Amino acid sequence: MTVLVKPQALPDVKVREFKMLIDGKWVEGVETGTIDRVAPSHGVTVSRYKSATKDDVHRAIAAARGAFDHGPWPRMTAAERSNILLKAADMISVRAEELAYLDAIEAGKPITQVRSEIAGSVDIWRYAAALARDLHGESYNTLGDGMMGVVLREAIGVVSIITPWNFPFLIVSQKLPFALAAGCTAVVKPSELTSGSTLVLGEILMEAGVPAGVVNILVGMGADVGASMTSHPDVDMISFTGSTGVGRLTMANAAQTLKKVSLELGGKNPQIVFPDANLDEFVDAAVFGAYFNAGECCNAGSRLIVHRDIAGDVTARIASLSEKVKVGDPLDPSTQVGAIITPQHLQKIQGYVSGAAKSGATVAHGGSQIDFGFGQYMAPTVLADVKPEMAVAKEEVFGPVLSVLMFETTEDAIRIANSVDYGLSAGVWSRDFDTCMTIGRRVRAGTIWMNTFMDGAAELPFGGYRQSGLGRELGRHAVEDYTETKTLNMHIGRRTGWWMPR
Ligand code: NDP
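Rules behind the numbers
- Residues numbered from 1 in each chain as written.
- Predicted model: local features only at pLDDT ≥ 70, side-chain atom pairs only at ≥ 80, totals over all residues.
- Heavy atoms only, no water.
- UniProt positions renumbered as here; feature names shortened; annotations may be inferred.
- Buried < 20%, exposed > 50% of the residue type's maximum accessible area, 1.4 Å probe, protein only.
- Contact = heavy atoms within 4.5 Å.
- Salt bridge = Lys/Arg side-chain N within 4 Å of Asp/Glu carboxyl O.
- Helix = DSSP H or I, 4+ residues; strand = E, 2+ residues; numbered from the N terminus.
- Pairing = 2+ DSSP bridges.
- Right-handed = clockwise from strand over helix to strand, strands pointing away.
- Near = heavy atom within 4 Å.
- Polar contact = N/O pair within 3.5 Å; in protein donor to acceptor, adjacent residues only side chain to side chain.
- Areas by Shrake-Rupley, 256 points an atom, 1.4 Å probe, with all protein chains shown as cover.
- Nonpolar A, V, L, I, M, F, W, Y, C, P; charged D, E, K, R; others polar.
- Domains from an automatic or database assignment.
- Axes fitted to C-alpha atoms, helices over the stretch in contact; angles between N-to-C directions.
- Phe/Tyr/Trp six-rings, centres within 6.5 Å; stacked < 30°, edge-to-face > 60°.

1. Description of the UniProt feature "active site" (unreviewed entry) in the protein
Stage number 1. UniProt annotation of "active site" (unreviewed entry) refers to Glu264 when read in the numbering used here.
Stage number 2. The class of Glu264 is buried, set by a relative accessible area of 4%.
Stage number 3. Among residues more than four places away in sequence, those in contact with Glu264 are Lys175, Phe240, Thr241, Gly242, Leu424, Phe462, Gly463, Gly464, Ser468, Gly471, Arg472 and Glu473.

Structure representation (structure tokens):
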């Protein structure tokens, strides 16, 4: 059983049409191709985009290059850039409901959840605006009477920003404001499935006073538009969030011209729970961590590593709480789990569940799709008796599927946690300080939650170990990521050297 929130049909929905943003103008693109987005929740077309070609990519990169090399943006004071970013933050707040609707209808995300993502994004834009004014280098007045060193921080240049469909507005907000704060210019490509909110952001930035060419936004397929953006010689840096496979391709493309690369990739994040933990709080966090955003989340807590003594009890409690999760219409404010992004992705999720069952896992709850007559939905699913070597325990399922694995000793738990290729985040649940700290120090992941899960703040860096990525977003160094350092090495007074008399 699952609590269902049946979506209302949308017979008269108006298809919203978007153009692309190049050099401060909304344009149709070199060719007249379009991409239609069908709402995954309702099965009707809701958005139509002009699709970019490689020529459009070249034009957008030329605009960003020109704006960086000759335009006012990198030459403004940090205070001026900061004020524009603050204005943009205010305008995002004003258009929050429109942005939330676009992400909900294009991605199938619950509207209540997206509203808080937009509010969180506003906070990030403000944080980036504050950091803009604190960007500084270093000085060394300690090199002797005749020498002084100054280390400058300079904007790195043109940045290609490529984002996925799972958090359309939040993820672009983890990248673009920091690049802009540093004085960079950008070409942005959202996923072609969920480009609406990023294009509205383009309108907001133009209105807030970002000069033409500083932010260019293209809609198109990753394999051609994205690939051109990662290989073009005039791009200085790539900031990518998406699958580990495309992350690898991106790095290979970037290697041809040795671009700086920042990658936020997949995760297979464990939550380790010991018998002394507060199990009520843990069960709640386990269900939230697995089903939040329908599990289409790089941070999903998709592996529970549970002490053998409590595994039966914990699994039963999680299965029982899973029954209460409200699944269905993303536009209903009570919905907790919305639609699955595409029919193909639903098939992929189901393939993992049936593969696990064939390999000996037990379906303790859910396991199948939910049919409302349109759209695609998946029941929250709990798999028990999962072994670390099963695909469902090692690979990113990206759906509302929770795998329960067992451990006996702390060493076992650490070994299982570290046994996958990923290292994005992990959780540990225990009332014992030593246990939490041992897990916290030995599990190889970019974020470790202790007695909580998936909390975050703009101040806290986010990113992965191993195949979960390269670099960190957010945190007080986030603007520095979009800079180069330059050393000014200065001589004072009479210089002595090889041939000069001392
Ligand atoms: P992708 O990695 O393919 O997509 C992410 C972004 O990269 C999209 O904008 C995509 O464009 C673009 N892209 C695709 N191919 C290229 C390329 N060759 N060069 C440059 N950019 C490219 O993820 P998918 O959407 O295909 O999802 C597949 C799996 O990836 C999921 O099942 C999940 O496991 C994982 N994933 C992880 C995410 C995370 O947050 N870590 C986010 C999304 C997916 P477009 O899609 O428009 O073609």
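2. Focus on the pattern of salt bridges
Stage number 1. One pass over the full model with this rule turns up 21 salt bridges.
Stage number 2. With its nearest N and O atoms 3.0 Å apart, the salt bridge here joins Arg308 to Glu408. A residue pair is termed long-range when its members are at least 10 positions apart, and Arg308 in the loop between strand S15 (303–307) and helix H11 (311–322) and Glu408 in the loop between strand S21 (401–407) and helix H14 (410–417) qualify at 100 residues.
Stage number 3. Here Arg308 falls in the partly exposed class, since its relative accessible area comes to 43%.
Stage number 4. By relative accessible area, which is 48% here, Glu408 ends up partly exposed.
Stage number 5. Among the charged side chains, a network of salt bridges with common partners joins Arg16, Arg95, Glu98 and Glu203.

3. Topic: the pairing of strand S23 (residues 425–429)
Stage number 1. Within S23, five of the five residues are buried, leaving the element largely enclosed by the surrounding structure.
Stage number 2. Where burial is concerned, the two faces of S23 agree: the one with Ser425, Gly427 and Trp429 and the one with Ala426 and Val428 are both buried.
Stage number 3. In terms of strand pairing, S23 meets strand S24 (residues 447–450) through four bridges, oriented parallel. Looking across to S24, one finds that Ser425 is bridged to Thr447.
Stage number 4. As for the winding sense of the linkage, the β-α-β connection from S23 through helix H15 (residues 433–442) to S24 is right-handed.

4. Brief notes about the site of the ligand
Stage number 1. In the vicinity of the ligand lie 28 residues, with Trp165, Glu192, Gly222, Ser243 and Lys348 positioned nearest.
Stage number 2. Within the side chain of Asn166, one N or O atom sits 3.3 Å away from an oxygen atom of the ligand.
Stage number 3. Gly242 is positioned such that a nitrogen or oxygen atom in its backbone is 3.2 Å from a nitrogen atom of the ligand.
Stage number 4. Compared with its free state, where it exposes 850 Å², the ligand has 86% of that area covered by protein.
Stage number 5. Listing elements by their share of the shell around the ligand, those giving two or more residues are helix H8 (222–231), strand S12 (237–241), helix H9 (244–255) and helix H12 (343–358).
Stage number 6. If one sorts the elements of the shell around the ligand by residue count, H8 sits on top with four residues.
Stage number 7. Residues belonging to the shell around the ligand are distributed by class as follows: 13 nonpolar, eleven polar and four charged.
Stage number 8. For the shell around the ligand, the two domains that each supply at least three residues are domain 1 (27–265 + 468–486) and domain 2 (270–450).

5. Describing the environment of Arg48
Stage number 1. With respect to the helices and strands, Arg48 occurs in strand S6 (residues 45–50).
Stage number 2. Arg48 has contacts with Val15, Arg16, Glu17, Phe18, Thr34, Ile35 and Asp36, leaving out every residue within four places of it along the chain.

6. A look at the sheet that holds strand S8 (residues 147–155)
Stage number 1. The sheet built from three strands is open, its strands ordered S7-S8-S27 with antiparallel pairing. Sheet topology places strand S7 (138–140) and strand S27 (483–491) at the edges, where each strand pairs with a single neighbour. Taking the axes of each pair of neighbouring strands and ignoring which way they run, one obtains an average angle of 15° across the sheet.
Stage number 2. Sheet topology places S7 next to S8; three bridges connect them, and they run antiparallel.

7. Structural notes on the pairing of strand S20 (residues 381–384)
Stage number 1. Burial of the side chains of S20 extends over both faces: Thr381 and Leu383 are buried on one face and Val382 and Ala384 on the other.
Stage number 2. Here strand S17 (residues 362–365) pairs with S20 via three bridges, running antiparallel. Note that in S20 the partner of His365 across the bridge is Val382.
Stage number 3. The pairing of S20 with S21 spans three bridges and is classified as parallel. By the bridge assignment, Val382 is partnered in S21 with Leu402.

8. Observations regarding the domain arrangement of the protein
Note: interface size is frequently given as the accessible area lost on complex formation between the parts.
Stage number 1. Domain boundaries in the protein define domain 1 (27–265 + 468–486) and domain 2 (270–450).
Stage number 2. A C-alpha centroid distance of 31 Å is found between domain 1 and domain 2.
Stage number 3. If you look at the interface, domain 1 gives 27 residues, while domain 2 gives 28 residues.
Stage number 4. Summed over the shared surface of domain 1 and domain 2, the result is zero salt bridges.
Stage number 5. For the pair domain 1 and domain 2, the number of links is twelve residue pairs in polar contact (both at pLDDT 80 or more).
Stage number 6. Those elements that provide at least two residues to the side of domain 1 that touches domain 2 are helix H3 (96–107) and helix H4 (111–132).

9. Comments concerning the side chain of Asn216
Stage number 1. Position of Asn216 relative to the elements: it lies in strand S11 (residues 215–217).
Stage number 2. We classify Asn216 as buried; its relative accessible area is 0%.
Stage number 3. Setting aside chain neighbours within four positions, we find Asn216 in contact with Leu21, Ile22, Asp23, Ala60, Ala63, Ala64, Ala186, Val187 and Val188.

10. What about the UniProt feature "domain: Aldehyde dehydrogenase" (unreviewed entry) in the protein?
Stage number 1. UniProt's entry tags residues 26–487 with the feature "domain: Aldehyde dehydrogenase" (unreviewed entry), counted in the numbering of this structure.
Stage number 2. Counting secondary structure, residues 26–487 comes out at 39% helix and 21% strand; the distance between its end C-alpha atoms is 40 Å.

11. Some thoughts on the packing of aromatic side chains
Stage number 1. In the structure shown here, the tally under the stated rule is ten aromatic pairs.
Stage number 2. Their ring planes at 85° and their centres at 5.4 Å tell us that Trp165 and Phe398 sit as a pair that is edge-to-face. Residue Trp165 is found in the loop between strand S9 (158–162) and helix H5 (168–173), and its partner Phe398 is found in the loop between helix H13 (391–394) and S21; the two are separated by 233 residues along the sequence.
Stage number 3. Taking the relative accessible area as the measure of exposure, Trp165 reaches 17% and is therefore buried.
Stage number 4. Between Trp449 and Phe453, the ring centres sit 4.8 Å apart and the planes meet at 55°, which makes this aromatic pair tilted.
Stage number 5. Accessibility expressed as a relative area gives 8% for Trp449, which makes it buried.
Stage number 6. Here the aromatic residues Phe167, Phe288 and Phe292 are joined through ring pairs into a cluster of three or more.

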